[in-house]
Amino acid sequence: MPKKSKKAKVDKIFEDTGEGYIIPPLQRPPLHEIEKIEKIERGLEKDKEEIKEEKEKPELKNYTLVICEKPQAAMKIAFALAENAPLKKNIAGVPYWELEREGKKFVVASAVGHLFGLAEKEKTQRWPVFEIEWKPLASFARKYANVLSHLAKNASQFIIACDYDVEGELIGFNVLRFICKQQDALRMKFSTLTKPDLVGSYKNILEHLDFGQAYAGETRHYLDWLYGINLSRALMEAIKKAGSYRIMSIGRVQGPALALVVQREKEIKAFKPKPYWQIFLFLSEHELKVRYGKDIFKKSEAEKFLKLKGKRAEAKTVKEEKELLPLPPFDLTSLQLEAYKFFGFSPAQTLAIAQNLYLQGLISYPRTSSQKLPFTIGQKRILEKLQVLYSKYVSFATRKKPIEGKKTDPAHPAIFPTGEEPEKLSQQEKQLYDLIVRRFIACFCDNALLEQKKIIVKIERKEFSTEGSRILKKGWLEVYPHRIDERILPDVNGKVAIKDVRLEEKETQPPKRYSAASLVSELEKRGLGTKATRAIIVDTLYKRGYIIGRAIEATKIGMSVNEALEKNCPLSLMKN
């Protein structure tokens, strides 16, 4: 009887130490994302007999282990680097890929986001606590860590190919030091999951990890944990002493974000409206209505304008042609603001949808603060590819160089489409993809040309006016859905008769409430949080019941938490 070959055994690298107390932003994928990943994996898997045969083959040795952030990215990277079709294998349901390139052997495997989270060295419920360490996350993340540990044993070289940002660097760094037992590795740096970008990233591989990003990410996690756990436990203990129980949390960015909302809430509640009057003249010529340039806060002063009825005034029309430049390409915050405006997507929704588009190779890396489109992304090639589905709009792309904004990001360019043809997209993915494509194409279009007209009416040293505009040339407005309200005015010059005078009483309005998108934008302006975490912070405030509504209101519990922190820990609410 033939001797059965010994199957590869996966090391149990972690003892069951418990999950610990872990707070965002550890980015464990939500259940629907995990199911989506597993569905993709199932679709690509071979049948069980083939998998069994593969496992019984001799183990590969002396290869380069490429470590990716997520399974879908690993698949894209494997197919991009392989000279022939890569061989898909799996252990305990976790997929990885074997391939050859230039005579060298590679294994491409992945994490599923963070595999480690900070936790107490010895689990307690006390506070304050400062003795913390990285510990493996439980559940599905454990098996990915085990597979990486097994694959690392026979590897002779390591490449980190996680997303090139603070979080991606930290994910790769933790896998490298805790699982692979290595101190450094080669580093692929890319902004899209397209074959040209990935191959270029491999050919221009960096010799070391970006330790600056890795330690910056680790430091932020430590600060978030120390702030978050200690303050959150203090809040929980306080509410228990009051005879109640509920999940409470606060954090290094969560506190200032809540303080911004509470401050606005207080301003709205303290606001006392004041009456004021706007003065309008109705002219006999062309039935025009012109407004006095200032608001009047005394009724007696406003009523003095009534005597102008029936008099004659001097009118003048001023015209000016104005060019309107295309809007700059999207960074993450501007994408979140526009997606909220057009589709009502929350910032967190927008980021999740954009991440899916990135993993499908349809757009560049979305967590960027850049508004720059460097020539190296292959601008002309992308526009040529977009001709297939967007020929009507690409025909307006006549600029040789795109319009850009001021904001930069050392790691990634602005968000742009790769030109790859989408296959099956959800309705929300279609909407966001279309918006990104149009914004990109618009950057290469001519300026719009507007005629702006202002009619000025003067009488008794008082000036009244009205304004209008019309589009002379649409330019980029043919492509991107930017709204311009046209108002056509006649030319009015010389003496005009005042047919009527109208006083309109109004009241001053309180400050506007934040929306989820405008709150994320405000956090960015103040340098609070990161591109990846701001939307999560706002979502957490909703989940904790501290804020409610699309026009955000601070709840009673939110106001109470803010008050308690103001009294006992004001530093946690600093908004700058």
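One can find the structure itself at the top, above this paragraph.
On a predicted model such as this, the values are computed, not experimentally measured, just so you know.

**Q** Outline the packing of aromatic side chains, listing residues and values.
**A** Here the structure, examined in full by the defined rule, presents 18 aromatic pairs. Between Tyr292 and Phe464, the ring centres sit 5.3 Å apart and the planes meet at 50 degrees, which makes this aromatic pair tilted. Placement of Tyr292 in strand β10 (residues 289-292) and of Phe464 in strand β13 (residues 462-473) is noted, with a sequence separation of 172 residues between them. In this structure, Tyr292 and Phe464 share a single accessibility class: buried. Taking 5.3 Å as the distance between ring centres and 75 degrees as the angle between the ring planes, the aromatic pair formed by Tyr358 and Tyr365 counts as edge-to-face. One aromatic cluster in this structure is built from Phe330, Phe342, Phe343, Phe345 and Tyr480. Stacked on the ring of Phe280, the Lys or Arg Lys289 has its end atom at 4.3 Å from the ring centre. The ring centre of Tyr480 lies 5.1 Å from the NZ or CZ of Arg439, which sits over that ring.

**Q** So what's going on with the pairing of strand β1 (residues 63-68)? Residues and values would help.
**A** Counting buried positions over the six residues of β1 gives six, a clear majority of the element. Alternating positions in β1 separate into two faces, Tyr63, Leu65 and Ile67 on one and Thr64, Val66 and Cys68 on the other, with burial throughout. In this sheet, strand β7 (residues 155-161) lies alongside β1 in parallel orientation, the contact comprising six bridges. Residue pairing across strands places Tyr63 opposite Ala155, the latter belonging to β7. In terms of strand pairing, β1 meets strand β4 (residues 104-110) through five bridges, oriented parallel. For Leu65, the partnering residue across the bridge sits in β4 and is Val107.

**Q** Tell me about the pairing of strand β5 (residues 116-120), residues and numbers included.
**A** A large share of β5 lies buried, amounting to five of its five residues. Summarising the sheet, β5 and strand β6 (residues 132-136) pair through five bridges and their orientation is antiparallel. Within β6, the residue paired with Gly117 across the bridge is Lys135.

**Q** Go over the sheet that holds strand β2 (residues 87-91), please, and point to the residues and values.
**A** With respect to topology, six strands assemble into an open sheet ordered β2-β3-β4-β1-β7-β8, the strand pairing being mixed. Edge positions in the open sheet fall to β2 and β8 (186-187), since each of these has one partner strand only. Across the sheet, helix α5 (residues 166-179) touches β1, β7 and β8, and the angle it forms with β7 is around 160 degrees.

**Q** Tell me about the pattern of salt bridges, residues and numbers included.
**A** Using the criterion set out here, one finds 32 salt bridges in the structure. With its nearest N and O atoms 3.8 Å apart, the salt bridge here joins Lys309 to Asp500. Of this pair, Lys309 sits in the loop between α9 (299-303) and β11 (312-324) while Asp500 sits in strand β14 (residues 494-507), placing them 191 residues apart in sequence. When its relative accessible area of 27% is taken as the criterion, Asp500 is described as partly exposed. Between Glu338 and Lys341 there is a salt bridge, with its nearest N and O atoms 3.1 Å apart. Pair noted here: Glu338 and Lys341 are both in helix α10 (residues 332-343), with a separation of three residues, about one helical turn. A residue is classified by how much of its surface remains accessible, and Glu338, at 11% relative accessible area, is buried. In the salt-bridge network here, residues are joined through shared partners; they are Glu167, Arg220, Asp224 and Arg252.

**Q** Could you give me a rundown of helix α3 (residues 71-81), with the residues and numbers involved?
**A** In terms of residue burial, α3 counts as a mostly covered element, since nine of its 11 residues are buried. Taken together, the buried positions of α3 are occupied by Pro71, Gln72, Ala73, Ala74, Met75, Ile77, Ala78, Ala80 and Leu81.

**Q** Summarise the environment of Phe158; cite the residues concerned and give the values.
**A** Along the chain, Phe158 turns up in strand β7. A sequence separation of 51 residues divides Phe158 from Val107, and the C-alpha atoms of the two residues are 9.7 Å apart. Sequence-distant contacts of Phe158, that is, excluding residues within four places in its chain, are made with Leu65, Ile67, Ala152, Leu176, Cys180, Gln182, Ala185 and Leu186.

Quick notes on the rules
What you see as residue numbers is a count from 1 along each chain, following the sequence as written. With pLDDT at 70 or above as the cut-off, local features in this predicted model cover only qualifying residues; side-chain atom pairs require 80 or more to be listed or tallied, and sums for whole chains, interfaces and linings still use all residues. Remark: hydrogens and water are excluded; side-chain values derive from all non-hydrogen atoms of the structure. Stacked, tilted and edge-to-face pairs are distinguished by plane angle, under 30 degrees for stacked and over 60 for edge-to-face with tilted covering the rest, among Phe, Tyr and Trp rings (Trp via its six-membered ring) whose centres lie within 6.5 Å. Comment: elements are numbered from the N terminus, with helices defined as DSSP H or I runs of at least four residues and strands as E runs of at least two. In this scheme, a residue with accessible area under 20% of its type's maximum is buried, one over 50% is exposed, and one in between is partly exposed, where area comes from a 1.4 Å probe on protein chains only. Placement of a positive charge over a ring is assigned whenever Lys NZ or Arg CZ falls within 6 Å of the ring centre and within 35 degrees of the normal to the ring plane. DSSP bridges decide pairing: two strands pair if at least two such bridges lie between them. Throughout, a contact is declared for two residues whenever any of their heavy atoms are within 4.5 Å. Note on definitions: angles span 0 to 180 degrees between N-to-C directions of axes, and those axes are lines fitted to C-alpha atoms, for helices only across the stretch in contact. Whenever Lys or Arg places a side-chain nitrogen within 4 Å of a carboxyl oxygen from Asp or Glu, that contact is recorded as a salt bridge.

By themselves, these observations are geometric and do not establish any function.
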